[in-house]
Amino acid sequence: MTEKDFIPSKYQELKEQGQVSYTSPSNIALVKYWGKKENQIPANPSISFTLEACATTTSLKYKKRAGDNSDFSFDLLFQGEPKPSFKPKIEQFFKRVISYLPFLTQYHLIIETSNSFPHSSGIASSASGMSALALCLMELEKEFVPTMTSELFVQKASFLSRLGSGSACRSIEGDLVQWGKHKNIEGSTDLYGIKYPYEVHPIFKNYHDTILLVDKGEKQVSSTVGHDLMHGHPFAEQRFSQAHKNLENLKVIFKEGNLKEFIKIVESEALTLHAMMMTSQPYFILMKPNTLEIINKIWDFREKSKTNVCFTLDAGANVHVLYPEVEKAEVFQFIQDELVAYCQNQQYICDRIGFGAKKLSVK
Ligand code: PMV
């Protein structure tokens, strides 16, 4: 499969107007993607749990424009209000995908989007937002190419999402999605995310992710700037090969359900992501004092309780607390008793592993 396979051959007649809608979740990486090449090609492979509660719902109304147009025409509403500040990002996305969706300039689009999680909660909405939009566009394309297979639909939706925001390509399906070429993972590719193709122990099937909102402020470093800092980073090559090794080691861990080894990789990945930021030029510290308090509390509790609770981090101060369903009661009690106090306004989100985006029916 190459990029060219996503360029459509001739469309059947274009539909006059209509509406499509999708809800698409966020995801949390276990092996992190940090660093990219041109055209959103990842510098290393990554793998994530698809989430369920943190999601974006997008509806796309489309109406055919008169004449032959070469520009894009669209309105954007976020949580019911016009949101001009989001438009440049969408415009840039359209430019990146126009050769794969040549119908785009022939329509006026009204994009209405909303998130299930609070705005500026420090939860990145780019994965859920870009994947929801890509899916709406694919649904529209399917109208013109009725013979499109569901396999191609999913691959292209992930491929387009990737061009919007790299990690978004891991949000189309669930529950474990791998993105980026790895020599020992069959079907893996830099172009789009694939469902993890090997055996996974049932312990990983109902995993919980309680997201502790430590700092809800604007991101200090955009992911574009962050990825860029991996160019010429003194430890970049070691980091990229570490990601390959961690993925390799996860194969046995996923199969056997070895949570002790799972924790070692997941927590090390989170800290490595932050270590990369701390050792880039310029350097950043995205953790807050409460992030460290929470991590230490998790380590103490794990030791005492002999549970398998662990943490991971995104490019920010919030902490994702991961634990299996069988330990839910005990760990959740601990979160409420000891961790919620470190959250901004005591806020947290109860999420869990999910199964990907869903098409919504339109009235
Ligand atoms: O999708 P982007 O370009 O916003 O990159 C996100 C990268 C991390 O969230 C920090 C890690 C990951 O793999 O999701």
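It should be emphasised that the depicted structure is a prediction, and the values quoted were computed from it without experimental measurement. (Residues numbered from 1 in each chain as written. Predicted model: local features only at pLDDT ≥ 70, side-chain atom pairs only at ≥ 80, totals over all residues. Heavy atoms only, no water.)

Before going further, it helps to examine the sheet that holds strand β12 (residues 319-323). In spatial order, the strands read β11-β12-β10-β13; together these four strands make up an open sheet with antiparallel pairing. Each edge of the sheet is formed by a strand with only one pairing partner; in this case those strands are β11 (310-313) and β13 (348-352). In this sheet, adjacent strand axes meet at a mean angle of 25 degrees when their direction is disregarded. Lying on the sheet, helix α7 (residues 289-305) is in contact with β10 (208-212), β11 and β12; it crosses β11 at an angle near 155 degrees. Relative to the sheet, helix α8 (residues 328-339) contacts β10, β12 and β13, its axis offset from that of β12 by approximately 155 degrees. (Pairing = 2+ DSSP bridges. Helix = DSSP H or I, 4+ residues; strand = E, 2+ residues; numbered from the N terminus. Axes fitted to C-alpha atoms, helices over the stretch in contact; angles between N-to-C directions. Contact = heavy atoms within 4.5 Å.)

The buried fraction of strand β5 (residues 73-78) amounts to five of the six residues, a majority that puts the element mostly inside the structure. Sheet topology places β5 next to strand β6 (residues 81-82); two bridges connect them, and they run antiparallel. In the strand pairing of β6, Leu77 is matched with Pro82. (Buried < 20%, exposed > 50% of the residue type's maximum accessible area, 1.4 Å probe, protein only.)

A word on the site of the ligand. Lining the immediate environment of the ligand, one finds 14 residues, of which Tyr33, Ser167, Arg170, Ser223 and Asp314 sit closest. Asp314 places a polar side-chain atom, nitrogen or oxygen, 2.8 Å from an oxygen atom of the ligand. Per-class residue counts for the shell around the ligand are five nonpolar, six polar and three charged. Shared between two domains, the shell around the ligand takes at least three residues from each, and those domains are domain 1 (3-199) and domain 2 (211-352). (Near = heavy atom within 4 Å. Polar contact = N/O pair within 3.5 Å; in protein donor to acceptor, adjacent residues only side chain to side chain. Nonpolar A, V, L, I, M, F, W, Y, C, P; charged D, E, K, R; others polar. Domains from an automatic or database assignment.)

Time to look at the layout of surface pockets. Counted as a void, the second largest pocket has a volume near 190 Å³. Every residue lining the second largest pocket is counted, 14 residues in all, and those nearest its centre are Glu38, Asn39, Gln40, Arg96 and Leu163. At the level of elements, β2 (36-37), α3 (150-164) and α4 (223-228) are the ones that each hand at least two residues to the lining of the second largest pocket. If one sorts the elements of the lining of the second largest pocket by residue count, α3 sits on top with three residues. (1 Å grid on protein atoms, 1.4 Å probe; cavity = no way out; pocket = protein on both sides within 12 Å on 5 of 7 lines; lining within 4 Å. Points joined across faces, edges and corners; volume = space filled by probe spheres on them.)

Mapped onto the secondary structure, Pro234 falls in the loop between α4 and α5 (236-256). Taking the relative accessible area as the measure of exposure, Pro234 reaches 54% and is therefore exposed. The sequence separation of Pro234 and His274 amounts to 40 residues, and the corresponding C-alpha distance is 15 Å.

A few words on unusual backbone geometry. One can expect most non-glycine residues to show negative phi and most peptide bonds to be in trans. The step from Gly174 to Asp175 runs through a cis peptide bond, and the omega angle for that step is -5 degrees. Position of Asp175 relative to the elements: it lies in the loop between α3 and β8 (176-179). For the bond from Gln281 to Pro282, the omega torsion is 0 degrees, close enough to zero to count as cis. Within the fold, Pro282 resides in the loop between α6 (259-278) and α7. At Gln346, a position not held by glycine, the phi torsion is positive, near 60 degrees.

By the burial criterion, the buried members of α8 are Val331, Phe334, Ile335 and Leu339. Down the axis of α8, the buried side of the element spans an arc of 105 degrees, and every buried residue falls inside it. Facing away from the buried side of α8 by over 90 degrees, the exposed positions are Ala329 and Asp337. At its buried positions, α8 is contacted by β10, α7 and β12. (Arc of directions from axis to C-beta.)

Applying the stated criterion to the full structure yields two cavities of 30 Å³ or more. The volume enclosed by the largest cavity comes to roughly 40 Å³. The wall of the largest cavity is formed by Trp34, Val221, Gly226, Leu229, Met230, His233, Met276, Met277, Ser280 and Phe284. For the lining of the largest cavity, a count of residues per class yields seven nonpolar, three polar and no charged. Estimated volume of the second largest cavity: approximately 30 Å³. Lining the second largest cavity are Ser158, Cys169, Arg170, Ile172, Glu173, Val177, Gly193, Ile194 and Lys195. Looking at the lining of the second largest cavity, the element that brings in the most residues is strand β9 (residues 193-195), giving three residues.

A few words on the packing of helix α2 (residues 126-144) against α3. Packing of α2 against α3 brings their axes to within 8 Å, and their N-to-C directions diverge by 135 degrees. In terms of orientation, α2 lies oblique with respect to α3. Considering how the two elements wind past one another, α2 and α3 form a crossing that is right-handed. Along its contact with α2, which presents Met130, Ser131, Ala134, Leu135, Met138, Glu139, Glu141 and Lys142, the element α3 presents Phe153, Lys156, Ala157, Leu160, Ser161 and Gly164. (Parallel < 35°, antiparallel > 145°, perpendicular 65-115°, else oblique. Left-handed = near helix turned anticlockwise from the far one by under 90°.)

Another aspect to go through is the domain arrangement of the protein chain. For the protein chain, the domain assignment lists domain 1 (3-199) and domain 2 (211-352). Taken over C-alpha atoms, the centre of domain 1 sits 26 Å from the centre of domain 2. Between domain 1 and domain 2, the buried area comes to about 3,300 Å², and carbon and sulfur atoms account for 67% of it. Viewed at the interface, domain 2 and domain 1 are joined by zero salt bridges. At the surface where domain 1 touches domain 2, the tally comes to 13 residue pairs in polar contact (both at pLDDT 80 or more). Listing elements by their share of the side of domain 1 that touches domain 2, those giving two or more residues are β1 (17-31), β4 (46-64) and β8. Ranked by residue count, the leading element in the side of domain 1 that touches domain 2 is β4, at eight residues. Along the lines of polarity and charge, the residues of the side of domain 1 that touches domain 2 split into 20 nonpolar, 10 polar and five charged. (Buried area = accessible area lost by both parts, 1.4 Å probe. Salt bridge = Lys/Arg side-chain N within 4 Å of Asp/Glu carboxyl O.)

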